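The lines below spell out each chain.
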Amino acid sequence: MATQDYQEDNTIPERPKVLIHRLPSFNLEFSCRLRTHFDLLDPLIDLPPADYFANVLALISVGPSPVTSDTLALLPSLQIVLGTSAGFDHIDLAECSRRGIAVTNAGTAFSEDVADYAVGLLIDVLRSISASDRYIRAGLWPIEGDYPLGFKLGCRRVGILGLGSIGSEIAKRLVPFGCRIAYTSRKEKPQFPFTFYENVYDLAANSDILIVCCSLTRETHHIVNKDVMAALGKDGVIINVGRGALVDEKQLVRFLMRGELGGAGLDVFDNEPYVPECLFELENVVLSPHVAAMTPESMEALQDVIFTNLTAFFSKQPLLSHVQND
Ligand SMILES: O=CC(=O)O
């Protein structure tokens with residue numbers, strides 16, 4: 001990740017006002033780095049001067065806290081929202097576009113870590129690593145004997161829903177395992193040697209595993225519905241490292257409870273931090289608290305993306321991770 005450490009003679013106008021939205025805030029070291037160039041308001045540390053909000057030019061929106069039209073209305077001079085996640089479903093893009101406010105996201109800062117995690121969840125579901133761990137800790141090995149066999153990953157047909165920067169990293173990892181990769185995306189990506197399906201039903205019908213890693217938008221809300229689950233079939237596995245609402249969670253629970261799906265690895269849920277409790281009983285489901293992106297390395301990369309976007313914006317350079325509202 002390219003870090004642009006701007007010198008004192010750069011063309012950023014004098015110390016633009018930057019607000020960090022939502023607690024907990026970034027670490028102190030990053031706050032200090034931002035303060036070298038920007039007039040930063042960090043709600044953990046600073047009390048806002050009376051006119052601060054009227055003059056804020058940039059908003060760093062930490063995590064998934066919503067940036068609604070009401071939030072934006074509080075900031076009449078705002079020019080840019082810098083999201084700190086790969087997803088941008090929590091930002092009112094239409095309102096930003098109406099007001100001419102630029103939006104950026106985490107770019108590729110998390111892609112490799114999320115891809116690693118998706119593969120980890122998949123292997124865990126297929127080979128029952130977490131379930132076997134529970135089996136040992138419950139003292140069952142000497143009593144009940146060997147744990148049931150798991151399933152091989154290699155040669156399975158993996159369908160990737162969203163071949164963006166995360167999806168393509170997942171594919172890169174699964175090819176050497178011997179998986180056959182197919183995908184669906186808004187449009188075909190001829191630069192990749194994988195089979196493209198026009199829609200998620202055809203993808204699911206031709207896959208053993210469906211990995212969900214596209215953006216959540218109005219069009220992709222509940223894109224994995226009961227028809228997609230039925231097409232995947234009773235041995236099919238769903239891995240979701242995108243957003244909970246990409247999958248119809250009620251239907252997912254129903255399919256899993258009835259044995260109409262083979263398993264699931266879920267890092268994201270509809271109503272986080274609450275997870276449907278009936279999933280707790282299912283040994284073929286691996287649950288994880290929305291941490292796929294989280295490593296110290298990815299956090300550092302994220303800080304570089306934010307700093308680079310901020311400095312680029314105020315010196316009228318192209319943004320590193322501009323979110324297009326299309
Ligand atoms: O879930 C994490 C992200 O969208 O970056």
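Starting from 1, residues in each chain are numbered consecutively following that chain's sequence as written. Only residues with pLDDT of at least 70 get local features here, since the model is predicted, and only at 80 or more are side-chain atom pairs given and counted; chain-wide, interface and lining totals rely on the full set of residues. As a convention, hydrogens and water are excluded, and side-chain values are obtained from all of the structure's heavy atoms.

**What about the overall build of the protein chain?**
Scanning the protein chain from terminus to terminus reveals 12 helices and 12 strands. Taken over C-alpha atoms, the radius of gyration comes to 22 Å for the protein chain, in line with the 20 Å a tight globule of 326 residues would show. For the C-alpha atoms alone, the extent of the protein chain along its principal axes is close to 70 × 45 × 35 Å. For each residue, the accessible area found with a 1.4 Å probe, counting protein chains only, is set against the maximum for its type, and the residue is called buried under 20%, exposed over 50%, and partly exposed in between. For the protein chain, with 326 residues in total, the buried portion stands at 50%. Just so you know, the count uses Lys and Arg for positive and Asp and Glu for negative, and it drops His and the chain ends. For this purpose, a charge sits on NZ of Lys, CZ of Arg, CG of Asp or CD of Glu. In the protein chain, 27 side chains carry a positive charge and 41 a negative one; their mean positions are 5 Å apart. Where helices and strands are cited, they refer to DSSP runs of H or I of at least four residues and of E of at least two residues respectively, numbered from the N terminus. Each radius of gyration is computed over the set of C-alpha atoms, and the globule rule expresses the reference value as 2.2 Å times the number of residues to the power 0.38.

**Notes on empty space enclosed by the protein**
The method works on a 1 Å grid over the protein atoms by themselves. A cavity is a set of points holding a 1.4 Å probe that cannot get out, a pocket is an open set with protein on both sides within 12 Å along at least five of seven lines, and residues with an atom within 4 Å of a point line them. Grid points are joined across faces, edges and corners, and a volume is the space filled by probe spheres set on the points. Inspection of the entire model under this criterion finds one cavity of 30 Å³ or more. Size it by volume and the largest cavity reaches roughly 30 Å³. Taken together, Asn240, Gly244, Val247, Glu249, Leu252, Leu266 and Val268 form the lining of the largest cavity. When residue character is reported, Ala, Val, Leu, Ile, Met, Phe, Trp, Tyr, Cys and Pro are called nonpolar, Asp, Glu, Lys and Arg charged, and the others, Gly included, polar. Considering only residue class, the lining of the largest cavity consists of four nonpolar, two polar and one charged.

**Focus: the UniProt feature "domain: D-isomer specific 2-hydroxyacid dehydrogenase catalytic" (unreviewed entry) in the protein chain**
UniProt positions are given in the numbering used here, feature names are shortened, and annotations may be inferred rather than shown by experiment. Residues annotated in UniProt with the feature "domain: D-isomer specific 2-hydroxyacid dehydrogenase catalytic" (unreviewed entry) correspond here to residues 53-323. End C-alpha atoms of residues 53-323 are separated by 24 Å, and the span's content is 35% helix alongside 14% strand.

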